[in-house]
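An overview of the molecular structure
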Amino acid sequence: MIRSHLPLKLLTALALFANLLAYSQAAESKPNVVIVITDDQGYGDLGFTGNPAIKTPHLDRLRSQATLLDNFHVDPTCAPTRSALMTGRYSGRVGVWHTVQGRNMLRKREVTLADVFSENGYATGLFGKWHLGDVYPYRPEDRGFQHTVYHAAGGVSQAPDYWENDYFDDTYIVNGEYKRFEGFCTDIWFDEGMKFIKESKEAKAPFLAYISTNAPHGPFYCPTEYSDPYENDPRVSIPEFYGMVENIDDNVGKLLEFLEAEGLADNTIVIFMTDNGTGGGIKGNRGYDGGMRGKKGSQYEGGHRVPFLIRWPAGNIEAGETVEELTAHLDVLPTLIELCDLRAPDIAFDGTSVKDLLYTDAQDWEDRTLIVENQRVIDPIKWRNNAVMTNHWRLVDGKELYDLRNDPKQANDLAAQFPEVVTRLKSEYEAFWADVSSEHDLTSYMAIGSDKSPIVALSSHDWLYHELPAWDQTHVIKGAVAVETHWAIEVERAGEYEISLRRWPVEADKGINDGTYGKAFNYKQARLRIGDTDTTKDIPNGAKEVTFKVYLEKGLTQLAPLFIGDDLQATPYYAYITHRPFEGWQTPEGMNVPRYDPSYGRRAPQKS
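Attention here is on the structure that accompanies the text. (Residues numbered from 1 in each chain as written. Predicted model: local features only at pLDDT ≥ 70, side-chain atom pairs only at ≥ 80, totals over all residues. Heavy atoms only, no water.)

The next subject is the overall build of the protein chain. When you go through the protein chain residue by residue, the secondary structure sums to twelve helices and 32 strands. Across its three principal axes, the protein chain shows a C-alpha extent of roughly 80 × 70 × 50 Å. For the protein chain, the residues scored as buried account for 59% of the 608 residues in total. Sequence separation of 24 or more characterises 70% of the internal contacts of the protein chain that already satisfy a separation of 6 or more. On the protein chain, roughly 24100 Å² of surface is accessible, and the fraction owed to carbon and sulfur atoms is 49%. (Helix = DSSP H or I, 4+ residues; strand = E, 2+ residues; numbered from the N terminus. Buried < 20%, exposed > 50% of the residue type's maximum accessible area, 1.4 Å probe, protein only. Contact = heavy atoms within 4.5 Å. Areas by Shrake-Rupley, 256 points an atom, 1.4 Å probe, with all protein chains shown as cover.)

Pasting the structure below:
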């Protein structure tokens with residue numbers, strides 16, 4: 001044995017220095033990654049895809065610098081697309097086949113794109129829309145993102161989002177705490193993303209920046225300097241929608257200039273994509289459909305074929321190239337793992353790396369079959385709203401067959417002429433369904449009792465109800481969907497809990513029967529049902545909440561509370577749960593809170 005005569009402390013210091021040097025060299029050589037994904041912007045909502053009215057000069061220039069995957073597909077709605085993008089696995093496999101009803105929460109067993117990059121030494125940040133769960137353990141900070149700035153739910157002003165957010169001067173969640181911002185939402189997401197990139201550069205850390213805009217998703221609110229030029233243009237569907245797209249384009253331009261100025265452009269992989277077909281780009285005979293049939297939510301091509309640009313100068317991805325082979329959101333994570341030379345998790349991807357398509361003419365690329373579906377129900381239904389895809393064919397709903405090479409608008413059903421193709425593609429779907437549906441009975445339970453989330457805020461967005469719940473703040477205001485239902489809860493530890501029931505969220509600061517914002521109810525009692533507990537209290541006059549103290553056993557359960565009136569009983573739109581009602585804890589500001597206050601950390605200064 002060779003013995004060193006150097007002091008142990010010196011050896012330790014040298015080892016630490018060597019590790020830091022190796023990490024610094026790796027940081028300089030590893031490519032950075034920026035993913036920009038927009039919400040409800042379809043293939044036809046861009047200048048470079050042929051829209052004659054929309055102005056997207058920066059994205060048009062990016063297209064000339066990037067390779068375009070021109071036969072790239074996602075799910076027909078947003079949360080399923082994001083779950084597949086994050087995991088490289090089918091949305092139905094990872095528990096996300098809807099945008100609400102508790103079916104938008106990415107199963108906690110899944111390894112995410114952010115997990116992979118974080119485990120490989122990258123700084124990871126999310127800016128904008130997440131939509132894969134708003135409570136522990138489904139929040140982005142629970143899923144590999146080290147720095148987060150985001151709104152709740154699937155869009156600004158939905159039920160879990162901060163009350164009265166409206167795209168301007170809103171309150172968003174920053175690393176678990178609420179913070180008021182000034183400005184338009186899209187500008188904030190890009191500004192915060194660029195701050196994160198600069199800080200990562202200064203720390204000599206490679207980075208993954210996921211900039212996920214809620215625009216141009218409705219409601220269609222937009223700075224007037226962007227929407228006014230589109231007024232009275234007969235080619236334009238909705239001026240505000242077009243304006244939001246142009247604002248996104250301006251921000252992409254600022255991002256690309258920033259990367260150049262910081263010396264990061266060459267070794268940063270920049271991806272631009274969208275999450276489903278257009279949501280507002282077609283209205284009657286106005287707008288541009290990109291030469292396809294269907295829009296958001298459709299199983300036809302316009303519902304799920306979207307633009308995908310990838311630029312990496314240092315990696316010699318060819319500028320201006322077009323890839324026509326069938327690709328999908330499932331392929332992004334496996335591709336980035338190979339491009340960035342990352343240690344891969346031991347999981348089975350449904351997608352595959354498309355690196356060969358980016359660097360060769362892919363003469364040997366094997367034709368493949370992919371499936372997209374639009375379930376949007378609490379329990380998936382076989383053959384519902386789906387497309388089985390190959391490079392050549394589309395089988396829609398197991399009945400209609402289209403030759404995409406000669407019929408991109410899917411106008412001529414060829415099922416009767418090619419029954420052997422129908423049979424083959426139906427067998428592909430049968431295999432897919434037998435595999436993916438085997439765990440459709442699993443539910444993602446929202447956890448209470450964890451110190452990682454001392455207060456859990458629940459909203460009607462995540463009711464497990466067989467019809468659409470009150471998922472938007474407008475529904476809450478109108479008193480819509482007043483029904484009896486429940487939330488799926490996992491109690492992580494046995495013990496005492498406080499559960500507060502509310503008609504309005506805490507930051508609204510209104511009474512249970514207050515009609516200031518909208519419909520007034522005349523509830524008289526509150527009933528709590530969870531585990532073995534079933535107890536009722538009178539609602540005091542003017543009360544903003546009714547709070548119950550209960551003992552809960554560890555395990556899975558249902559929270560099924562009710563507000564009760566003379567002619568109506570219904571589940572409250574909001575509930576707040578804590579396992580630390582009497583215990584003080586240190587907040588990030590260092591301020592000691594002596595007892596549970598559901599408004600703490602959520603209430604922000606009111607808008608002027």
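This part takes up the pattern of salt bridges. Oppositely charged side chains may form a pair once their charged atoms are brought near each other. Per the counting criterion, the structure on display carries 29 salt bridges. Close ionic contact of Glu110 with Arg89 constitutes a salt bridge, the shortest N to O distance being 2.8 Å. Linking Glu110 in the loop between helix H3 (78-87) and helix H4 (113-119) with Arg89 in the loop between H3 and H4, this pair joins segments that are 21 residues apart in sequence. For Glu110, a relative accessible area of 6% corresponds to the buried category. For Arg89, a relative accessible area of 11% corresponds to the buried category. Salt bridges sharing partners connect three or more residues here, namely Arg89, Arg107, Arg109, Glu110 and Glu439. (Salt bridge = Lys/Arg side-chain N within 4 Å of Asp/Glu carboxyl O.)

This part covers helix H5 (residues 185-202). With 18 residues, H5 should reach 26 Å at 1.5 Å per residue; the first-to-last C-alpha distance of 26 Å fits that figure. Those residues of H5 that sit buried are Cys185, Thr186, Ile188, Trp189, Phe190, Glu192, Gly193, Met194, Phe196, Ile197 and Ser200. Looking at the packing, one finds that the buried side of H5 touches strand S1 (32-38), strand S4 (123-129), strand S5 (147-151), strand S6 (171-174), strand S8 (207-212) and helix H7 (239-261). Of the residues one or two after H5, Lys204 is the one with positive phi, at around 60 degrees. (Expected span 1.5 Å × (residues − 1).)

This model, assessed by the stated rule, comprises 26 aromatic pairs. Ring centres of Tyr300 and Tyr402 lie 6.2 Å apart, and the angle between their planes is 70 degrees; on these two criteria the pair is classed as edge-to-face. One end of the pair, Tyr300, is in the loop between strand S11 (286-287) and helix H8 (301-304); the other, Tyr402, is in strand S19 (residues 400-403), with 102 residues separating them in the sequence. The exposure class of Tyr300 is buried, given its relative accessible area of 11%. For Tyr402, a relative accessible area of 3% puts it in the buried group. One aromatic cluster is present, built from ring pairs that chain together Tyr90, Trp383, Tyr429, Phe432 and Trp433. Its end group placed over the ring of Tyr300, Arg293 keeps NZ or CZ at 3.7 Å from the ring centre. Sitting over the face of the ring of Tyr43, Arg305 holds its NZ or CZ atom 4.2 Å from the ring centroid. (Phe/Tyr/Trp six-rings, centres within 6.5 Å; stacked < 30°, edge-to-face > 60°. Lys NZ or Arg CZ within 6 Å of the ring centre and 35° of its normal.)

Here the focus is empty space enclosed by the protein. Considering all chains together, one arrives at five cavities of 30 Å³ or more under this definition. Every residue lining the largest cavity is counted, 13 residues in all, and those nearest its centre are Leu69, Phe308, Val332, Thr335 and Val354. If you list the elements that add at least two residues to the lining of the largest cavity, you get strand S13 (308-311), strand S15 (327-328) and helix H9 (332-339). The biggest single contributor to the lining of the largest cavity is H9, with three residues. When grouped by side-chain class, the residues that make up the lining of the largest cavity number ten nonpolar, two polar and one charged. (1 Å grid on protein atoms, 1.4 Å probe; cavity = no way out; pocket = protein on both sides within 12 Å on 5 of 7 lines; lining within 4 Å. Points joined across faces, edges and corners; volume = space filled by probe spheres on them. Nonpolar A, V, L, I, M, F, W, Y, C, P; charged D, E, K, R; others polar.)

Our focus in this paragraph is the side chain of His73. Mapped onto the elements, His73 comes out in strand S3 (residues 72-73). Those residues within four positions of His73 in sequence are excluded, and the remaining contacts are Glu301, His304, Arg305, Leu326, Thr327, Ala328, His329, Met389 and Arg394.

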